[in-house]
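# Examining the three-dimensional arrangement
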Amino acid sequence: MKTIAIVPAAGTGERMGITRKKPYLLLNKRPLLYYTLTALDSITSIAQIIVAVAPGDERFCQQQVLEKFHFKKSIQLIPGGSSRQESVRRLLERVPDDTQLVLIHDGARPLITPELLEQAIAETRVWKATVLAVPVKDTIKSANDTLQIEKTISRERLWAIQTPQTFERSVIREAHQRASQEGFIGTDDAALVERLGVQVKIVMGSYDNIKITTPEDLVIGEALLKNRKR
Ligand code: CTP
Ligand code: MG
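Residues numbered from 1 in each chain as written. Chains lettered and ligands numbered in written order. Predicted model: local features only at pLDDT ≥ 70, side-chain atom pairs only at ≥ 80, totals over all residues. Heavy atoms only, no water.

Right, let's talk about the overall build of the protein chain for a bit. A count of helices and strands for the protein chain gives 7 helices and 11 strands. Relative to the 2.2 N^0.38 estimate, which gives 17 Å for 230 residues, the radius of gyration of the protein chain is 18 Å and therefore close to what a compact globule would have. In terms of overall dimensions, the protein chain has a C-alpha envelope of 50 × 40 × 35 Å along the principal axes. A buried classification covers 49% of the 230 residues belonging to the protein chain. Taking as baseline every contact in the protein chain between residues at least 6 positions apart, the subset at least 24 positions apart corresponds to 74%. (Helix = DSSP H or I, 4+ residues; strand = E, 2+ residues; numbered from the N terminus. Rg over C-alpha atoms; globule rule 2.2 N^0.38 Å. Buried < 20%, exposed > 50% of the residue type's maximum accessible area, 1.4 Å probe, protein only. Contact = heavy atoms within 4.5 Å.)

So this is what it looks like as structure tokens:
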């Protein structure tokens, strides 16, 4: 099954509170995006990688990431959109017609491993739509505007959703088309697929597969990387 990996990396990383855009922040001296691309590059069944970067940053990304490090696969850079969903929509437009599976992985999750990517792809061959996720560890409660607790949500059935999220191409294309027609904005791609009534299957992720969102995540990310090398 021809599989294409698409990587939304067109965000600016506002919650990092810094000037350099998040995909180029250094984690153990290498840009965040390097790690995601290296993991994807190692998967034989992935034919091609397409990355959405902030419009105007194509050259910068080419020089700082693609030319500085060695990647075996063809990596294409395209301008992203004003939201993550819009960046993914644009990426999907570039996916060749003869593709069967599309694997979507955030540029901001550098700790993804080849093993997890392989599992995601293998499970999607069976289930058509999968997301990596881990059981929620904290107790989750909902509260009103004045921070008074409304209720405690049973943790047993709660999962923290990660990427990769992997889909049959026809499924994710239809999901994005429908969302865009109906003005629906979801916080992940699976939410768009769920609206079609298509079952999305959870694949066990890893607590290491964190998203780099706020400054302390860089410290955690570096520690996890060092731990992995040992
Ligand atoms: N993303 C994107 N296009 C956008 C916004 C986000 O491709 N217009 C990407 C980010 O680059 C990131 C992923 O979507 O790889 C997840 O988004 P997030 O972690 O929220 O990153 P940012 O949007 O950059 O961060 P923030 O929300 O703090 O600004
Ligand atoms: Mg964001």
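The structure having been displayed, the exposition proceeds.
Here the focus is the environment of Ala9. Structurally, Ala9 is set in strand β1 (residues 3-9). Once residues within four sequence positions are removed from consideration, Ala9 is found in contact with Pro23, Leu33, Val51, Ala52, Val53, Ala54 and Gly107.

Our next topic: the packing of aromatic side chains. Going through the model one piece at a time under the given rule, you end up with 4 aromatic pairs. Look at Tyr24 and Phe60: their rings are 4.9 Å apart centre to centre, the planes differ by 85°, and that puts the pair in the edge-to-face class. Here Tyr24 is found in the loop between β1 and β2 (26-27), whereas its partner Phe60 is found in helix α2 (residues 58-66), with 36 residues between them in sequence. Using a relative accessible area of 33% as the deciding quantity, one classes Phe60 as partly exposed. When the ring of Tyr34 is compared with that of Phe69, the centres are 4.6 Å apart and the planes differ by 50°; the resulting orientation is tilted. Note that Tyr34 is positioned in helix α1 (residues 32-41) and Phe69 in the loop between α2 and β5 (75-79), a separation of 35 residues in sequence. By the burial criterion, Tyr34 is buried, and Phe69 matches it. Among the aromatic residues, ring-to-ring pairing joins Tyr34, Tyr35, Phe69 and Phe71 into one connected group. Taking NZ or CZ as reference, Arg195 lies 4.2 Å from the ring centre of Phe184, over its face. (Phe/Tyr/Trp six-rings, centres within 6.5 Å; stacked < 30°, edge-to-face > 60°. Lys NZ or Arg CZ within 6 Å of the ring centre and 35° of its normal.)

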